[in-house]
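These are the residues of each chain, in order.
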Amino acid sequence: MTLEVWTLYVATVLALMSTPGPSQLLMLSNSATHGFGRALATAAGDLTANALQMLAAGLGLAALIAASATALSVIKWAGVAYLVWLGVRMIRRARAADPGLAQARSRASLKALWLQGFLTSAANPKAVVFFAALFPQFISAEAAFWPQLLILSATYIVIDGCFLSAYGGSAGWIAARFKGPARLWIERVGGGFMIGAAVLLGLKTIGQR
């Protein structure tokens with residue numbers, strides 16, 4: 001893969017990520033609610049799902065997934081329902097007193113935060129089709145396939161990770177400035193972001209990541 005092709009690929013991915021999607025809103029929510037450090041588990045879950053989706057695209061599973069409209073719909077709307085449930089629960093929890101809020105915050109394990117990130121990304125199975133459509137634009141038939149796929153996949157994960165960190169770091173920094181009862185508003189806003197992520201996921205089309 002030439003530097004020119006790789007640079008064009010980076011520019012394309014940056015353009016595709018210019019607006020926040022469900023995973024970015026989830027990262028905002030969890031960083032504001034649980035802190036940026038713990039929310040990195042959410043980013044790790046998202047990137048794990050991305051890696052599996054890119055591997056599936058490379059193995060040629062995209063055509064199989066695309067052919068099953070019913071499976072796509074079931075996975076997608078299950079993900080939407082999951083995010084709405086999380087968002088509503090966060091908003092309702094914010095009505096509790098501070099001690100109750102602290103207990104609820106402490107119950108969010110790193111495993112749970114990772115799972116939220118993984119399921120949010122995995123709930124968009126059309127991402128496999130997206131990667132299967134994107135990668136061939138930058139892969140040369142005259143060179144070995146898997147090294148090129150590895151470069152494209154690793155580049156995407158690094159860029160996505162940087163975007164998630166930027167969103168999460170900003171939300172975590174702002175949330176850290178709120179103390180006492182003001183943190184309840186952070187919980188409400190986080191729940192709103194979670195529901196917003198569900199809406200964006202529900203509006204996703206086959207040409208979107």
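Below, the structure is looked at part by part. (Residues numbered from 1 in each chain as written. Predicted model: local features only at pLDDT ≥ 70, side-chain atom pairs only at ≥ 80, totals over all residues. Heavy atoms only, no water.)

Some thoughts on the overall build of the protein
So, step 1. The number of helices and strands found in the protein is 10 helices and 0 strands.
So, step 2. Its helices and strands taken in sequence order, the protein reads α-α-α-α-α-α-α-α-α-α from the N to the C terminus.
So, step 3. Residues counted as buried form 44% of the 209 residues belonging to the protein.
So, step 4. Working note: accessible area of the protein is about 10,300 Å², and carbon and sulfur atoms make up 72% of it. (Helix = DSSP H or I, 4+ residues; strand = E, 2+ residues; numbered from the N terminus. Buried < 20%, exposed > 50% of the residue type's maximum accessible area, 1.4 Å probe, protein only. Areas by Shrake-Rupley, 256 points an atom, 1.4 Å probe, with all protein chains shown as cover.)

Regarding the packing of aromatic side chains
So, step 1. The tally for this structure, following the rule as stated, stands at 7 aromatic pairs.
So, step 2. Arranged with centres 5.1 Å apart and planes meeting at 15 degrees, the rings of W114 and F118 form a pair that is stacked. Of this pair, W114 and F118 both sit in helix α7 (residues 110-122), 4 residues apart, which is roughly one turn of the helix.
So, step 3. With a centroid separation of 5.0 Å and 90 degrees between ring planes, the pair formed by F131 and Y156 is classed as edge-to-face. Here Y156 lies in helix α9 (residues 145-175) and F131 lies in helix α8 (residues 126-134), a separation of 25 residues in the sequence. (Phe/Tyr/Trp six-rings, centres within 6.5 Å; stacked < 30°, edge-to-face > 60°.)

Focus: α7
So, step 1. Across its 13 residues, α7 extends 18 Å between first and last C-alpha, which sits within 8% of the 18 Å expected from 1.5 Å per residue.
So, step 2. Within the span of α7, buried status applies to L113, Q116, G117, F118, T120 and S121. (Expected span 1.5 Å × (residues − 1).)

So, helix α2 (residues 22-34)
So, step 1. With 13 residues, α2 should cover 18 Å at 1.5 Å per step; its first-to-last C-alpha distance of 18 Å lies within 8% of that length.
So, step 2. With 13 of its 13 residues buried, α2 lies for the most part within the structure.
So, step 3. Two residues or fewer after α2 comes G35, characterised by a positive phi angle close to 95 degrees.

Remarks on a nonpolar patch on the surface
So, step 1. A contiguous nonpolar patch, built from L52, L55, L59, F145 and W146 and spanning about 490 Å² of accessible area, is present on the exposed surface.
So, step 2. Secondary-structure elements contributing two or more residues to the nonpolar patch are α3 (36-58) and α9.
So, step 3. Mapped onto the secondary structure, F145 falls in helix α9.
So, step 4. A relative accessible area of 33% places F145 in the partly exposed class. (Patch = residues over 30% accessible without salt bridge, like charges linked within 9 Å, V, L, I, M, F, W, Y side chains within 5 Å. Salt bridge = Lys/Arg side-chain N within 4 Å of Asp/Glu carboxyl O.)

Quick look at the nonpolar core
So, step 1. Core analysis: the largest hydrophobic core is formed by 19 residues, its most contacted members being Y9, V13, F131, L134, F135, L152 and Y156.
So, step 2. Put simply, the parts of the chain that give this core at least two residues each are α1 (3-16), α3, α8 and α9.
So, step 3. The element contributing the most residues to this core is α8, with 5 residues. (Core = buried A, V, L, I, M, F, W, Y, C linked by side-chain atoms within 4.5 Å.)

Quick word on the environment of G172
So, step 1. Among the secondary structure elements, G172 is positioned in helix α9.
So, step 2. Each residue touching G172, except ones within four places of it in the same chain, is listed here: S31 and F36. (Contact = heavy atoms within 4.5 Å.)

Observations concerning the packing of α3 against α7
So, step 1. Contact geometry for α3 and α7: axes closest at 7 Å, N-to-C directions at 40 degrees. When the axes of α3 and α7 are compared, the crossing they make is right-handed. Listed contacts from α7 to R38, A41, T42, A44, G45, D46, T48, A49, N50, L52 and Q53 of α3 are L110, L113, W114, G117, F118, S121 and A122.
So, step 2. Of the residues that constitute the contact of α3 with α7, the class distribution is 9 nonpolar, 7 polar and 2 charged. (Axes fitted to C-alpha atoms, helices over the stretch in contact; angles between N-to-C directions. Left-handed = near helix turned anticlockwise from the far one by under 90°. Nonpolar A, V, L, I, M, F, W, Y, C, P; charged D, E, K, R; others polar.)

Observations concerning the side chain of S31
So, step 1. Looking at the element boundaries, S31 is found in helix α2.
So, step 2. S31 sits in the buried class, given a relative accessible area of 1%.
So, step 3. Side-chain polar atoms of S31 contact the backbone oxygen of G168, separated by 3.3 Å.
So, step 4. Leaving out residues up to four positions away in the same chain, S31 has contacts with F36, A39, G168, A171 and G172. (Polar contact = N/O pair within 3.5 Å; in protein donor to acceptor, adjacent residues only side chain to side chain.)

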